[in-house]
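Remarks on the overall topology
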Amino acid sequence: MKTTGAAVVSSVDYVLGNKGGSTAQTSIKDLSIQVAGSEAVQSQNISLRAETWASLNSIIGTRTGQPAEVPSQSGTHTDPVAGGTVSNQGLYRWNGSPAGWRWVGPSTYTAFSDRVATIEDKSVPLWGHMTNITAAATTDLATIATDALSVVGGTTISSFGVSPDGAEKVVRFNQTLTLTYNATSMILPGGANIVVAAGDIGIFRSIGSGNWRCISFLRNSGKALAAPARSEITELATVWTYGSNIASAATMDLAAAEFFNVTGTAVIVSLGPAPLGTRRTLYFASLGLTLTHNVTSLVLPGGADIITSTGDIAEFVCVNAAGNWRCVSYQRSSGKPVVLPNSADVGLGNVSNTADADKPVSTPQAAAIATASAGVAAEISIASGQALVPIEAIIGILTRAGITISDTDKAALLSPPPALALDFANGASLSIVRPDAGLLMGRNRRLKSGVIGIGRSTYDPLSGELIGLLLENNRGNIWSFSDDVSAGQWSKGNCSVEQGTVEVIDPAGGQEAAKWIENTVTGNHQIFRAAPAFPALSADMTAVEWRIYKAGTRSKVLMTASGKQAQFDLITGEVQGIYTTTPAYTRHLRDGWVLCAMAFPVAAGATSYTIYERIVTTGQITNYAGDGVSHLYRYHANGGLRSYVQQPVKTNAAAAVLSDDQAVIDVGGWFRRNAASLVVSSRAPLGEDCTVVQLDDGTEANRIRLYRAADKTCHLEVTAAGVQIVNVSLGTWADDTDRSVALSMRDGNVAYSVNGKAVAASALSAFPPGIGTLRLGRSSASGLGAVVIRNIEGHARGLSDGELAARATRRPDARIAAYGDSITAGNATGVTDGYDYPAILQRLLQRTVFNGGIGGETSAQIKTRLLADVDRKNWLFVIGAGRNDGNAQTTILANIATMVADLPYGGRYLILSVPYAADTSQAEIDYVGAINGALASAYADRFIPIDWSMISRVSDNLHPDDGGNAAIAAAVASKINSKGW
C-alpha cells in the first residue's frame, strides 16, 4: 500500500494494520486498549509491595528496573547494590548485577487505615487541621498535603486539578461560590451546578486524569442539596390532595381528597364512612360553624362541641370503618387553646381578680421597689458564670424589695461549692498508681493500651460515648492467661486455624485475629486447652473464661468447662442453650465482634481445668459432618480464677500479672461527721462483685463503703472500730448499667438516695473516726472486681433531702430499652435469630438495645417488669404493650400511663401502636384502631403509628417476619433520629 503521499498530522482517528494477512482499520481507542493489555506492556508495569524490607529482600526480581515498594516500615538497612545505610521504607528497583533491590527514594504511600488512625489519634477535631486554599477556576487540591481543606474566596470552581486515582479530600467552603458541574471532570450530586454557602462541606474523590466525583455534600443549614419533587414523595402526594371548597353539612362526604376548605355554617354531626386510619385536614372558612361532639362518632378535644372561627384548622382520623372519627389536632387561628383553662386549673382558684393598680402595697415596700427599679438592679450582673456582687448583697437587695427568702433558701445560696468534683464521663482525668499500661476501649471504639500512672478513660464499644474512669483489680494474684490460638497450649480437633488472617480487622485495629475453619470429619470441631497449673485450691472458686468472636459463615459457638456449657449467638449477642446453669455474658464491640464470657465453678483441690470451644450449626448441634470451608473468627483468649469479666488482657502470655488500679483522693480536709456528703455515679461490670468507693482511715476497721456483692445487690456499709454498724441493701444492680448514689452524713444517721428516688436513712450508733482517704474501685487492702466511675463529687456540708435526690438523678443514657410482649421479643417460629426488631435497631443506630420483650404478657405484666427495672430508667424506652389485653382500652392506657410516669427526664420514651393479626376480624381491627387512636391522642409525637396492614408476618399471621421487624426497627430509628435522642 502506498503511503508516501499521505498528509502529516499530529493526531489521527484511525490506523491501518495487518489482521490475518489482510489490511484492516482500527480506532485509536481500540488500539490503545490492545497495546495496554499486551504482555510486553504488562511486563513493564510489574510492581511489588512488601510489608517489610526483609520480605522484599527474599524475593528475586523478574527484570532489571522492576519497581517495588515497602510502604511504611521503620528502621534502616545496608543497600545491597549501592552500599550505605538507607531507610527500610521507600521505593526500590531490581538491579541485575550486582543482583539486589536498590533503594531509589522515599515512599509516598500511606495506608488508608494509617490515615484513619492518624485522624482518630488527633487531640482536636478533624476540622481543626484544615488547611486554607484559595478558590480558583482550577483549585488544585493536590498542592495541599492534608486531607481536609478550607476554601477561601468566591471564585467559581470548574476543576480540582490532577490527583491520584482514589484520593479523597474533605473540603469546607468559607463563602458563597459556584461549583461547575461537568459529566466527566466535576461530577456533582443532582447533575447540576452547586451554589455553596459558607460552612458547607463536601467530600470529593479523584477518579483519575483530573476527574472528580462528589461522594457527599452537607449543607451548613442542614437542608437537602436537592429537594425532591412533590410527585416523588408518594405519601405527600397522597395525603395532601387538595379537595377545594366543600359546603358544611350534617354528614360530610370527605372521600374525594385529604384537604378541604369548609364553607358555610351548617352544623356538622358526622364526617361519613371511610377506611380505618384515614386522615382528613379541614380548614374552616366561616365563623360560627358548630362541630357536634359525640363520644363514639365524632370525638372532639375537651369532650364538648366546638364553634369554629375563621381560619381554624383541624385534623381528624377515622378509627373504624363505621365512620367514627377522632379529632387529633385542632389549631385556633388566634393561637389560643380549644378549651381555655380557668384559674382553678392552674392552681389559682383562690387568687383575687383585683386589678394590679388597685392591689395594696405598703409604703416601705413601694419605696424599696422604687429603689431597686431606679438602678440597684443594674448592679446585679452575671459574666462568665460569676456574680459581680456577693450573694449576701443580692439577698439584701431582694429583702429590701419586700421579697421574703427562707432560711433554707439562704443556706442553699450561701453554701460553698463542692469540695470535690470529678466528671470522668465529660473528660476529667486522674493520676493513679498502676505500674502497667492496661487496656481500654478507645474513642475510636478499638482496644488500645493505656498510659502508666494515668487513669483509663474508657468508651462505649458501640456508640463511642465516653463512659468514665475504668478501674480493675489485680488479675494475676492467683492465675490468669492471655494468648491467642497459635500458642502451643491450644489443641485443635477436626478444624484448622489461620492465625493473623487478613480477612478481618481485629478489635485493636490490626490483623491478629484467627480464622477458625471446620474440616470434613464428623465430630466436634473444636479448640481446647488445659489451664496452666495453679496451687491446689483450698476451697471452691469461680473461674471466668472470655473470648472475642466474629461471625463468619458460622455464627454460633459453644464454651464448656467443668461440666458447664454456654452457647453464644454472634449475630444477636444472646446467650442461648445453656445446658447446665452458669452465668454467661456478651457485649457487642465494633465491626461485628462480640465479647463472650462464661463463669463456672472450680472445685476445691483442683490444680487446673480444661476449656473447650466448639463451632455450632443451626439449633444446638456441635457434633456434625463439616464442609471444610465454614468458619468464624476469633481474637485472643483470657481466663482466670475471677468472678467477673474484665477488660481483655491481650498479652500473649501464659500468665498475666497485672496490678491494681489504685485511685486515692485525700478528703481529710473536708470530710467530717455531720457535715459531709458524697455523690457517686458508676457502671457495674459484666459479672458479679465490685467495690465502687470506700472512705477510710487507712485500715478496714473504720470505713464507709459502697459496693456490689456477689448476688448483684448494691450495699452501703459503715464500720467503726472494727464493728459493722450499717450494711443496708440498695437493691439489685443490673449488669452493665449505671447507678447513682448520694449520701449525707447527719447527726445520728446516714441519709441516701439511689438514682434520684426517695431519700432513706439508717441510724449510726457511732461514726468511723479518722476518715481521710477516698479510694475508687478498691478497699484499703485490695481491689475487688471492676467498675467504671462516671462522676464523683463531695461536699463539706450535709445535703438536704431535695439536694440528695436531685444529685442522685443520673444523666440521660443513649442506650435503649425495648419493653413489650412477643412482638418485641421477636422469637416466633419463622423469625431468624438476630432479626427481632430490637436487634435490628441496635445495628441501625450502633448503640446498645436491651430486648425486654416476653411473649404472652399483658400491659399490666409489662408494667410490673418496667417499674422494677430501676437501673435502666435513664435509658430511652420503647414501649409496646396491649396486644394481649384484648378490647380493654382503659386498662391499656392506664398501664402505659403508669409506665411513662415512672420514667425521668420528661419524655425520653416512645409508644408503639398495638398490632392486630393479618387474618383477624373487622371487629378486632375496629377496637385496635380505637385503642391506637387514643394512644395517638395521648402521646402525640411520641406515638409510632405502625401500619400493620403493611407489615409482613410469619405463618401465624400475627408476628412480624424478618422484613416486618426491619420495618418496625426503621420506624423506631427514624423517630429517635427526628427527636435528636
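Everything numeric in this text was worked out from a predicted model, so none of it was measured. (Residues numbered from 1 in each chain as written. Predicted model: local features only at pLDDT ≥ 70, side-chain atom pairs only at ≥ 80, totals over all residues. Heavy atoms only, no water.)

Attention now moves to the overall build of the protein. Looking only at helices and strands, one finds 15 helices and 64 strands in the protein. Within the protein, buried positions represent 46% of all 981 residues. In the protein, the proportion of contacts linking residues at least 24 apart, taken out of those at least 6 apart, comes to 59%. For the protein, the exposed surface amounts to about 44,600 Å²; the carbon and sulfur share of it is 54%. (Helix = DSSP H or I, 4+ residues; strand = E, 2+ residues; numbered from the N terminus. Buried < 20%, exposed > 50% of the residue type's maximum accessible area, 1.4 Å probe, protein only. Contact = heavy atoms within 4.5 Å. Areas by Shrake-Rupley, 256 points an atom, 1.4 Å probe, with all protein chains shown as cover.)

Okay, the packing of helix α11 (residues 837-845) against helix α15 (residues 962-978) next. Following both chains from N to C, one finds α11 and α15 inclined at 50°, their axes separated by 8 Å at the closest point. One finds that α11 runs oblique with respect to α15. In the crossing of α11 with α15, the sense of the turn from one axis to the other is right-handed. Along its contact with α11, which presents Tyr837, Ile840, Leu841, Leu844 and Leu845, the element α15 presents Asp962, Asn965, Ala966, Ile968, Ala969, Ala970, Val972, Ala973, Ile976 and Asn977. Looking at side-chain class alone, the contact of α11 with α15 contains 12 nonpolar, two polar and one charged residues. (Axes fitted to C-alpha atoms, helices over the stretch in contact; angles between N-to-C directions. Parallel < 35°, antiparallel > 145°, perpendicular 65-115°, else oblique. Left-handed = near helix turned anticlockwise from the far one by under 90°. Nonpolar A, V, L, I, M, F, W, Y, C, P; charged D, E, K, R; others polar.)

Right, let's get into the packing of aromatic side chains. Applying the stated criterion across every chain yields a total of 13 aromatic pairs. For the pair phenylalanine 160 and tryptophan 212, a centre-to-centre distance of 5.9 Å together with 85° between the ring planes defines the contact as edge-to-face. With phenylalanine 160 in the loop between β10 (148-152) and β11 (168-173) and tryptophan 212 in strand β16 (residues 211-218), this pair connects stretches of sequence that are 52 residues apart. Judged by its relative accessible area of 0%, phenylalanine 160 falls in the buried class. The interplanar angle of 25° and the centroid separation of 6.3 Å between the aromatic rings of phenylalanine 284 and tyrosine 330 together place this pair among those described as stacked. Pair noted here: phenylalanine 284 is in strand β19 (residues 279-284) and tyrosine 330 is in strand β24 (residues 324-331), with a separation of 46 residues, a long-range link. Its guanidinium or amino end placed over the ring of tyrosine 612, arginine 614 lies 5.2 Å from that ring's centre, counting from NZ or CZ. (Phe/Tyr/Trp six-rings, centres within 6.5 Å; stacked < 30°, edge-to-face > 60°. Lys NZ or Arg CZ within 6 Å of the ring centre and 35° of its normal.)

Okay, the environment of cysteine 327 next. Locating cysteine 327 in the fold gives a position in strand β24. Along the backbone, cysteine 327 and valine 317 are 10 residues apart, and their C-alpha atoms lie at a distance of 6.5 Å. Those residues in contact with cysteine 327, other than ones at most four positions away along the chain, are Val299, Leu300, Pro301, Ala314, Glu315 and Phe316.

Our next topic: the nonpolar core. With 45 residues, the main nonpolar core has Ile896, Ile911 and Val972 as its most contacted residues. Tallying contributions element by element places helix α14 (residues 922-939) first for this core, with six residues. For valine 972, the residues in contact, after removing those within four places along its chain, are Tyr837, Leu841, Val878, Leu910, Leu912 and Ile944. (Core = buried A, V, L, I, M, F, W, Y, C linked by side-chain atoms within 4.5 Å.)

The subject of this paragraph is α11. Along an α-helix, residues three or four positions apart point the same way, because every turn accommodates 3.6 residues. Within α11, seven of the nine residues are buried, which leaves the element mostly enclosed by the surrounding structure. Three or more residues of α11 are buried, namely Tyr837, Pro838, Ala839, Ile840, Leu841, Gln842 and Leu845. For α11, the N-terminal cap is aspartate 836; the gap from its side-chain oxygen to the backbone nitrogen of alanine 839 is 3.0 Å. Positive phi appears at glutamine 846, one or two residues downstream of α11, with a value of about 55°. (Polar contact = N/O pair within 3.5 Å; in protein donor to acceptor, adjacent residues only side chain to side chain.)

The subject of this paragraph is the pattern of salt bridges. Counted under the stated rule, the structure contains 45 salt bridges. With a shortest N-O distance of 3.2 Å, glutamate 465 and arginine 790 are connected by a salt bridge. Of this pair, glutamate 465 sits in the loop between β30 (456-459) and β31 (466-472) while arginine 790 sits in strand β59 (residues 786-795), and the two are 325 residues apart along the sequence. In this structure, glutamate 613 and arginine 547 form a salt bridge, with 2.7 Å as the shortest nitrogen-oxygen distance. Highlighted residues: glutamate 613 in strand β44 (residues 610-616) and arginine 547 in strand β38 (residues 541-550), separated in sequence by 66 residues. Here glutamate 613 matches arginine 547 in class, with each residue buried. (Salt bridge = Lys/Arg side-chain N within 4 Å of Asp/Glu carboxyl O.)

Quick look at the pairing of β44 now. Buried residues dominate β44, accounting for five of its seven residues. In this sheet, β44 lies alongside strand β37 (residues 526-530) in antiparallel orientation, the contact comprising five bridges. Along β44, the bridge assignment pairs arginine 529 with isoleucine 611. Inspection of the sheet shows strand β39 (residues 556-561) paired to β44 by six bridges, in the antiparallel sense. (Pairing = 2+ DSSP bridges.)

This next bit is on the pairing of strand β23 (residues 313-320). When you tally the buried positions in β23, you get six out of eight residues, the bulk of the element. The pairing of β19 with β23 spans five bridges and is classified as antiparallel. By the bridge assignment, arginine 280 is partnered in β23 with phenylalanine 316. For β23 and β24, the ladder comprises seven bridges, and the chain directions are antiparallel.

We now examine the side chain of asparagine 88. Among the structural elements, asparagine 88 can be located in the loop between β6 (85-87) and β7 (90-95). A distance of 2.9 Å separates the side chain of asparagine 88 from the backbone oxygen of serine 74, its partner in a polar contact. At a separation of 2.7 Å, a polar atom in the side chain of asparagine 88 contacts the side chain of histidine 77. Apart from residues lying up to four places away in sequence, asparagine 88 is in contact with Trp53, Val70, Gln73, Ser74, Gly75, Thr76 and His77.

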